[in-house]
Amino acid sequence: MYDPADLQETVDEIAARLGASATLEDRSFRLLAYGAQHGDIDTVRQESILRRRASGEVRDYFERYGIARADGPVRIPADAALKVLARVCWPLRHGEVTYGYLWLLDSGALTDERLASAAPLVARAAAALAQEARSRSDLGRGLLALLSPDPEERAGAAIDAAGPVTAVAVRESPERVAALWTLPRGVLARPGSPVALLAPAHLAGEVAQTVQSAYGTAAGVGGPRPDPADAWLSWREARQALRIAEHFPRYAPVARWEDLGVHRLLARLGLPDLRELAAETAALDAELAQTVEVYLDLGGHAQKTAAELGIHRQTLYYRLGKAERLTGRDLADGDDRLAVHLGLKAARLCR
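These figures come from a predicted structure and were not determined experimentally.

Peer 1: Whenever I open this one, the nonpolar core confuses me. Can you help?
Peer 2: The nonpolar side chains of a soluble globular protein tend to be buried with one another. By size, the foremost hydrophobic cluster in this structure holds 30 residues, and its most contacted members are Leu 143, Leu 198, Trp 235, Ile 244 and Leu 260. Of all the elements in the fold, those that place two or more residues in this core are helix H5 (119-146), strand E6 (165-170), strand E8 (195-200), helix H8 (231-247), helix H9 (263-268), helix H10 (271-278) and helix H14 (334-350). Leu 143 has contacts with Ile 159, Leu 188, Ala 189, Arg 190, Ala 196, Leu 197 and Leu 198, leaving out every residue within four places of it along the chain. Ranked by size, the runner-up nonpolar core spans 27 residues in total, among them Val 88, Leu 121, Val 122 and Leu 129.

Peer 1: I tried to follow the sheet that holds strand E10 (residues 254-256) on my own but got confused; where do I start?
Peer 2: Sheets are built from strands paired through backbone hydrogen bonds, the pairs being either parallel or antiparallel. Taken in spatial order, the five strands line up as E7-E8-E6-E9-E10 in an open sheet, and their pairing is mixed. Where the open sheet ends on each side, the last strands, each with one partner, are strand E7 (188-190) and E10. Taking the axes of each pair of neighbouring strands and ignoring which way they run, one obtains an average angle of 15° across the sheet. Where E6 lies against strand E9 (residues 219-221), three bridges are found, and the strand directions are antiparallel. Paired with Val 170 across the strands is Ala 219, a residue of E9. Seen against the sheet, H8 touches E6, E8, E9 and E10 and runs at an angle of roughly 35° to E6.

Peer 1: Which parts of the structure should I look at to understand the packing of aromatic side chains?
Peer 2: Each pair of aromatic rings is reported with the distance of its centres and the angle of its planes. Counted by the stated rule, this structure contains six aromatic pairs. Judged by centre distance (5.7 Å) and plane angle (50°), the ring pair of Tyr 61 and Phe 62 falls under tilted. The pair formed by Tyr 61 and Phe 62 is uniform in burial state, with each residue classed as buried. Ring plane angle 75° and centroid distance 5.5 Å describe the contact between Tyr 61 and Tyr 65, whose orientation is recorded as edge-to-face. According to the relative accessible area criterion, Tyr 65 is partly exposed, its value standing at 33%. Taken together, Phe 29, Tyr 61, Phe 62, Tyr 65, Tyr 101 and Trp 103 form an aromatic cluster joined through their ring pairs.

Peer 1: Even after reading the chapter, I still don't get the layout of surface pockets, so can you show me in this structure?
Peer 2: Vacant regions in the atomic arrangement are exposed by a probe of water-molecule size rolled over the atoms. Considered as a void within the structure, the largest pocket measures approximately 540 Å³ in volume. Considering each element in turn, the lining of the largest pocket owes the most residues, seven residues, to H14. Grouping the amino acids of the lining of the largest pocket by side-chain chemistry returns 15 nonpolar, four polar and six charged.

Peer 1: Quick question: what am I supposed to make of the environment of Leu 274 here?
Peer 2: Note that Leu 274 resides in helix H10. Exposure remark for Leu 274: the relative accessible area of 0% places this residue in the buried category. In this structure the C-alpha to C-alpha distance between Leu 274 and Leu 344, which are 70 residues apart in sequence, comes to 10.0 Å. Excluding residues that lie within four positions of it along the chain, Leu 274 makes contacts with Arg 243, Leu 266, Leu 269, Ala 346, Leu 349 and Cys 350.

Peer 1: I would appreciate a short explanation of helix H11 (residues 286-297) in the present structure.
Peer 2: Because each turn of an α-helix spans 3.6 residues, side chains separated by three or four positions in sequence point in the same direction. Between its terminal C-alpha atoms H11 stretches 16 Å, which fits the 16 Å expected from twelve residues at 1.5 Å a residue. Along H11, the positions that sit buried rather than exposed are Leu 288, Ala 289, Thr 291, Val 292, Glu 293, Val 294, Tyr 295 and Leu 296. For H11, the elements touching its buried residues are helix H12 (302-309), helix H13 (313-327) and H14. Between the side-chain oxygen at the start of H11 and the backbone nitrogen of Glu 287 there is a gap of 3.2 Å, and the oxygen is on Asp 285. Within two residues after H11, Gly 299 carries a phi angle of roughly 70°, on the positive side.

Rules used in this analysis
- Sequence order as written defines residue numbering, which begins from 1 separately in each chain.
- Side-chain atom pairs in this predicted model are given and counted only at pLDDT of 80 or more, local residue features only at pLDDT of at least 70, and totals for whole chains, interfaces and linings cover all residues.
- Note: side-chain values were computed over all heavy atoms of the structure, leaving out hydrogens and water.
- Residues grouped as a nonpolar core are buried Ala, Val, Leu, Ile, Met, Phe, Trp, Tyr and Cys residues, joined through side-chain atoms within 4.5 Å.
- With a 1.4 Å probe rolled over the protein chains alone, any residue whose accessible area is under 20% of its type maximum counts as buried; one over 50% counts as exposed, and the rest are partly exposed.
- For the purposes of this entry, the term helix denotes a DSSP run of H or I that reaches at least four residues, the term strand denotes a run of E that reaches at least two, and both are numbered from the N terminus.
- Contacts are assigned to residue pairs that have any heavy atoms within 4.5 Å of one another.
- What makes two strands pair is DSSP finding at least two bridges between them.
- Angles run from 0 to 180 degrees between N-to-C directions of axes, and those axes are lines fitted to C-alpha atoms, restricted for helices to the stretch in contact.
- What counts as a ring pair is set by centres within 6.5 Å for rings of Phe, Tyr and Trp (its six-membered ring), and what kind of pair is set by the plane angle: stacked under 30 degrees, edge-to-face over 60, tilted for all other angles.
- Any residue with an atom within 4 Å of a point lines the site, the site being either a cavity, points on a 1 Å grid over the protein atoms alone where a 1.4 Å probe fits but cannot get out, or a pocket, an open set with protein on both sides within 12 Å along at least 5 of 7 lines.
- Grid points are joined across faces, edges and corners, and a volume is the space filled by probe spheres set on the points.
- Gly is placed with the polar residues, together with every amino acid not listed as nonpolar (Ala, Val, Leu, Ile, Met, Phe, Trp, Tyr, Cys and Pro) or charged (Asp, Glu, Lys and Arg).
- To estimate how far a helix should reach, multiply one less than its number of residues by 1.5 Å.
- Whenever a nitrogen or oxygen atom comes within 3.5 Å of another N or O atom, the pair is scored as a polar contact, on the condition that within protein one atom can donate a hydrogen and the other can accept it, and that pairs from neighbouring residues in sequence are kept only if both atoms are in side chains.

Laid out in structure tokens, this is it:
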């Protein structure tokens, strides 16, 4: 993998050669390096340096100029409303793939001839980002070994990660593709069913949201582990949390293991055990099952349940009585109520 110091040195050379303020960002607009200040500075550059990332509104403005598909420098005019000064965006392309962007504030002095003088340096930066992407791909191939429950497989994983780490599982989509190589440095990714991700613990939530949004599906986030050797435990939790996110709207679209409460116990159960629990409520049709589940979720509060379902309270009592007859359980009895409640939750995971 490339040395970030080399990338910073390249950006400094570009800024000095062109006499322009320069910043370099990855494809997701995360700041990777920036050169010394030359001339005026705008809010966008300040925010990029301080927050390490441009705002969504500013990204949308820049992308309207086709920077993701451009083969060379793109001139972007100033926008007073966004507090954006005129600048040049130079896509960092290598092998017909855009890996990032070089941004140059332009007071009008950046002629085509001056820009051309920096082309070799820009190509060097693009090659460095491409090298990092390839390195990530190589690491991704060893990620599943690191996350394996088999100690021998884990011992053979040639990955050197720093803790604490958190695993993330995201359901893939046949219709959509996520650019996993654009994720922040330090994040390992491997496509599959589900997609496997291992991130520094402080980035796990952001990574889960980003990849889940790209696929439009669901994600599960495991608990953090100080020692990367225990990442497989976080991965197991992430897959179980994903299972909950896919079956319980309350926790969708991104379920965090630490937030799941008793659902963590259900997620650990195999299909035979879940079916045994679900048998308690097998006699209930969809309407009765929903009514009883909402009633129990709301702690047996009839008024709130009727309001939630949009039905009269007498209709609620009728349905609850019918459910008791069909299940042979008394919903006023604590043990019976627990059996029915668990049965309904288990039935969701059997679907």
